[in-house]
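# Coordinate inspection notes
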Amino acid sequence: MKNRWKLNGKTALVTGSTKGIGQAVAEMLAKRGAEVYVIARKKEEIEQQLDHMKTQGYRAFGIQADVTRKEDRLKMFKILSHQHQQLDILVNNVGTNIRKRAIDYTDEEYFHIFNTNMHSNFMVSRLFYPLLKKTQGAALVNVLSVAGLTHLRTGAPYGMTKAALAQLTRNLAVEWAGDAIRVNAVAPWYTKTPLVENLLKDESYLQDVLNRTPLGRIAEAEEVAAAVVFLCMPASSYITGQCIAVDGGFTINGF
């Protein structure tokens with residue numbers, strides 16, 4: 001029982017893990033004992049993240065990859081499968097948003113959001129399925145958004161992709177249960193990350209956000225990461241197909 005809150009000996013891969021929530025997830029997984037593969041597009045950001053993690057005594061490695069590109073996804077798989085026979089934890093964290101009214105999106109913007117948020121995560125999950133299956137106790141966590149659970153003012157394509165990931169989470173949880181792969185999701189509300197930093201500088205908008213959030217504040221990245229990491233640990237071994245809203249109560253109110 002004492003090991004249910006530890007990840008010693010586990011191997012984890014976290015996409016988009018040099019900033020914000022992904023960065024916090026990578027560090028928290030490592031702190032719990034996992035060997036973590038940091039995935040991001042920019043080499044310098046990966047190096048900075050690895051240097052930081054290694055000064056903490058964590059086991060961490062980096063792979064420079066854009067998960068929207070098939071050749072990069074295959075590179076990720078080749079590198080990790082060469083080092084390990086299995087993968088214990090996969091966290092699909094990569095995502096992007098362009099905040100506009102539905103009628104204002106260009107075709108290019110629309111497809112960019114779908115390719116980044118939905119298609120790449122689906123492809124990464126399928127690609128690493130053979131390694132997850134070998135674990136016989138693997139955990140896959142998709143990072144969604146409350147935008148996939150309730151209405152927000154703008155960003156219809158973003159909400160659509162996150163809702164699709166919620167359904168993918170449920171489908172894979174059932175399809176892969178026989179392989180002892182648990183599949184869950186976490187849906188954050190506004191969190192202190194570079195993605196929303198400029199948006200929340202608007203005092204009027206920030207106050208609107210806080211007024212609709214029962215806890216009355218913006219989340220820290222570590223608070224979202226804690227939910228993700230919990231779903232990766234043996235302590236959550238009977239939880240699958242679920243989506244936990246880490247939202248300060250926002251989804252009760254909507255926007």
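We now turn to the structure provided with this report. All of these numbers come straight from a predicted model, not from anything done at the bench.

## Topic: the overall build of the chain
Broken down by element type, the chain carries 8 helices and 7 strands. Whereas a compact globule of 255 residues would reach a radius of gyration of roughly 18 Å, the chain reaches 17 Å, a difference of no more than 12%. Once the C-alpha set of the chain is aligned to its principal axes, its extents read approximately 50 × 40 × 40 Å. Taken over 255 residues, the chain has a buried fraction of 49%. Taking as baseline every contact in the chain between residues at least 6 positions apart, the subset at least 24 positions apart corresponds to 75%.

## Observations concerning the pattern of salt bridges
This model, assessed by the stated rule, comprises 9 salt bridges. With a closest N to O distance of 3.9 Å, D72 and R69 form a salt bridge. Its relative accessible area of 15% is what places D72 among the buried residues. A residue is classified by how much of its surface remains accessible, and R69, at 40% relative accessible area, is partly exposed. Between K100 and E109 there is a salt bridge, and its shortest N-O distance comes to 2.8 Å. On the basis of relative accessibility, which here comes to 18%, the residue E109 falls in the buried class. Because the salt bridges share partners, they merge into one network encompassing R69, E71 and D72.

## Quick notes on the layout of surface pockets
For the largest pocket, the calculated volume is near 1,100 Å³. Looking at the lining of the largest pocket residue by residue, the class counts come to 18 nonpolar, 17 polar and 8 charged.

## Observations regarding the nonpolar core
Formed by 34 residues in total, the largest nonpolar core has its most connected members in V25, L29, V36, M53, V91 and V186. Where this core is concerned, the elements lending two or more residues are β1 (11-15), α1 (20-31), β2 (35-40), α2 (43-55), β4 (89-92), β5 (139-143) and α7 (221-232). Looking at this core, the element that brings in the most residues is α7, giving 8 residues. Those residues in contact with V36 that lie beyond four places of it in its chain are A12, V14, A26, L29, A30, M53, R59, A60 and F61.

Definitions and cut-offs
Residues numbered from 1 in each chain as written. Predicted model: local features only at pLDDT ≥ 70, side-chain atom pairs only at ≥ 80, totals over all residues. Heavy atoms only, no water. Helix = DSSP H or I, 4+ residues; strand = E, 2+ residues; numbered from the N terminus. Rg over C-alpha atoms; globule rule 2.2 N^0.38 Å. Buried < 20%, exposed > 50% of the residue type's maximum accessible area, 1.4 Å probe, protein only. Contact = heavy atoms within 4.5 Å. Salt bridge = Lys/Arg side-chain N within 4 Å of Asp/Glu carboxyl O. 1 Å grid on protein atoms, 1.4 Å probe; cavity = no way out; pocket = protein on both sides within 12 Å on 5 of 7 lines; lining within 4 Å. Points joined across faces, edges and corners; volume = space filled by probe spheres on them. Nonpolar A, V, L, I, M, F, W, Y, C, P; charged D, E, K, R; others polar. Core = buried A, V, L, I, M, F, W, Y, C linked by side-chain atoms within 4.5 Å.

These values are about where atoms sit, not about what they do.
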